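Residue-level listing of the chains:
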Amino acid sequence: MTEPIDSPTKSASVNSEHFSRVGEKKFVRGSPHLKHPALATSMLGKVRDVFAQVRQRGDHPEVLDMGAGAGMLTLPLLEMGASVTAADATQALMDILVARAAGFEPRLTLAVGDIFETLAQYEKSGRRFDLICASSFLHHIPDYLKLCRMSAGLIRPNGLFFTFQDPLRYDTLGKGAYWFDRSSYFAWRLFQGNYVQGFKTRLRRLCGICRADLSEDVVEYHVVRNGVDQVSIQQLFEAEGFTCEIQKYWSTQSSLFQHLGVRLGFANTFAIVATRRQNR
Ligand SMILES: C[S@@+](CC[C@H](N)C(=O)[O-])C[C@H]1O[C@@H](n2cnc3c(N)ncnc32)[C@H](O)[C@@H]1O
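Parameters and conventions
- Residues numbered from 1 in each chain as written.
- Predicted model: local features only at pLDDT ≥ 70, side-chain atom pairs only at ≥ 80, totals over all residues.
- Buried ≥ 20, exposed ≤ 12 C-beta atoms within 10 Å, placed from the backbone.
- Helix = DSSP H or I, 4+ residues; strand = E, 2+ residues; numbered from the N terminus.
- Pairing = 2+ DSSP bridges.
- Contact = placed C-beta atoms within 7 Å.
- Expected span 1.5 Å × (residues − 1).
- Arc of directions from axis to C-beta.
- Near = placed C-beta within 6 Å.
- Nonpolar A, V, L, I, M, F, W, Y, C, P; charged D, E, K, R; others polar.
- Core = buried A, V, L, I, M, F, W, Y, C linked by C-beta atoms within 7 Å.
- Axes fitted to C-alpha atoms, helices over the stretch in contact; angles between N-to-C directions.
- Parallel < 35°, antiparallel > 145°, perpendicular 65-115°, else oblique.
- Left-handed = near helix turned anticlockwise from the far one by under 90°.

Draft legend 1. Here's a closer look at the pairing of strand E4 (residues 129-135). Counting buried positions along E4 yields 7 of 7 residues, so the element is predominantly enclosed. In terms of strand pairing, strand E1 (residues 62-66) meets E4 through 4 bridges, oriented parallel. Looking at the pairing, Leu 64 lines up with Ile 132 of E4. Across 6 bridges, the pairing between E4 and strand E5 (residues 155-167) is parallel.

Draft legend 2. Quick look at the environment of Arg 205. Within the secondary structure layout, Arg 205 lies in helix H10 (residues 195-206). Along the sequence, Arg 205 and Pro 142 sit 63 residues apart, while their C-alpha atoms lie 16 Å from each other. Ignoring sequence-local partners within four residues, the contact set of Arg 205 consists of Val 223 and Val 224.

Draft legend 3. Local environment of helix H9 (residues 175-189). Helix length check: H9 (15 residues) gives 21 Å between terminal C-alpha atoms against 21 Å at 1.5 Å per residue, within 8%. For H9, the set of buried residues is Ala 177, Phe 180, Asp 181 and Ser 184. For H9, the angular spread of buried residues about the axis comes to 105°, placing them on one side. Facing away from the buried side of H9, by more than 90 degrees, are the exposed residues Lys 175, Trp 179 and Phe 186.

Draft legend 4. Focus on the site of the ligand. Neighbouring the ligand are 23 residues, the closest being Ala 12, Asn 15, Gly 67, Gly 69 and Thr 90. Of all the elements, helix H1 (residues 8-21) adds the most residues to the shell around the ligand, at 6 residues. Of the residues belonging to the shell around the ligand, the class tally is 12 nonpolar, 9 polar and 2 charged.

Draft legend 5. Representation of the nonpolar core within the structure. One finds Leu 131, Phe 161 and Ile 272 to be the most contacted residues of the largest nonpolar core, which totals 62 residues. If we skip the residues at most four places from it in the chain, Phe 161 touches Ile 132, Ser 151, Ala 152, Ile 155, Phe 237, Phe 242, Ile 272 and Ala 274.

Draft legend 6. Quick look at the packing of helix H8 (residues 144-152) against helix H12 (residues 230-239). In contact at an axis separation of 10 Å, H8 and H12 are set at 25° when each is read in the N-to-C sense. Taken together, the axes of H8 and H12 are roughly parallel relative to one another. The handedness of the crossing between H8 and H12 comes out as right-handed. Between H8 and H12, the residues in contact are Leu 145, Cys 148, Arg 149 and Ala 152 and Ser 232, Ile 233, Leu 236 and Phe 237, respectively. Residues of the contact of H8 with H12, tallied by class, amount to 6 nonpolar, 1 polar and 1 charged.

Draft legend 7. Representation of the sheet that holds E5. Across the sheet, which stays open at both edges, the 7 strands sit in the order E3-E2-E1-E4-E5-E7-E6 with mixed pairing between neighbours. Looking at which strands have only one partner, the edges of the open sheet turn out to be strand E3 (108-112) and strand E6 (242-249). Within this sheet the neighbouring strands show an average axis-to-axis angle of 15°, counted without direction. When E1 meets strand E2 (residues 83-88), the two strands line up parallel, connected through 5 bridges. The residue bridging Glu 62 from the neighbouring strand is Ser 83, located in E2. Docked against the sheet, helix H6 (residues 91-100) engages E2 and E3, running at close to 155° with respect to E2. Helix-sheet contacts for H12 involve E5, E6 and strand E7 (269-276), and the interaxial angle to E6 is about 160°.

Draft legend 8. Structural context of unusual backbone geometry. One non-glycine residue, Asn 158, lies in the positive phi region at around 70°. Relative to the helices and strands, Asn 158 resides in strand E5. Judged by the 14 C-beta atoms lying within 10 Å of it, Asn 158 is partly exposed. One non-glycine residue, Gln 165, adopts positive backbone phi at about 70°. Turning to its location among the elements, Gln 165 is positioned in strand E5. Classification of Gln 165 as buried rests on a count of 22 C-beta atoms within 10 Å.

Next comes the structure, spelled out in structure tokens:
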């Protein structure tokens, strides 16, 4: 039985504890988009393309980076000229981000706390953005459809919603991609140590159990929920008056399997580029 992780505040605080505890080295080792230079470069290319579209509106388009962490998206966006609000529940990561963003302070705002509280506050105050983005974030949010809906409401006409590095809904992967994905993960996991905890976590997942008191279950909640539902996200944005493209690609932690997966043309991860139509 899966305990529903239905309290956003609880999920935010468990995530925050987890990300405060994980050192940067371990975090990068487990994050394909930070670990593999080719993937990081491809992601940066997508960010540039998206930013080029909002750049047409002025010198310093306003961007909200959700789950900004240590600045994977915030830093390049500041360099490109954006005014960025970096939102994250983990103070320790915000501190790293601020140190890295030295010189950009006038264009950087921090919003520390649960993203739902931040979005609700902007909803109320009438604050709007040219671009709302996130990397490796939606799968940490139990109610990511609500998050997408709230974000959609804060985007100006012709503005964009852009995310990447979320796992495709598992039952939409082809059989080959699914098994290659699982093999890639286990080949990598074999060398990561912490085997007793890993074994217990695996056992719970096999039984479909998710415990709201364990960070490894809350942070990776998507694993017992069939990944992230890119089909529903696309439908949601289209219903909200956006054009929405889902871009599928391959990503995994192991360097060898990253190379092989790209070569074999598999996809297990997605990016979203959604643009608000003007006449809504
Ligand atoms: C996997 S990290 C991604 C960090 C960064 N965007 C990157 O790509 O390196 C996920 C981030 O989401 C943040 N987070 C998780 N749940 C959150 C919530 N409910 N509200 C705000 N931030 C949250 C965590 O603190 C963490 O920094």
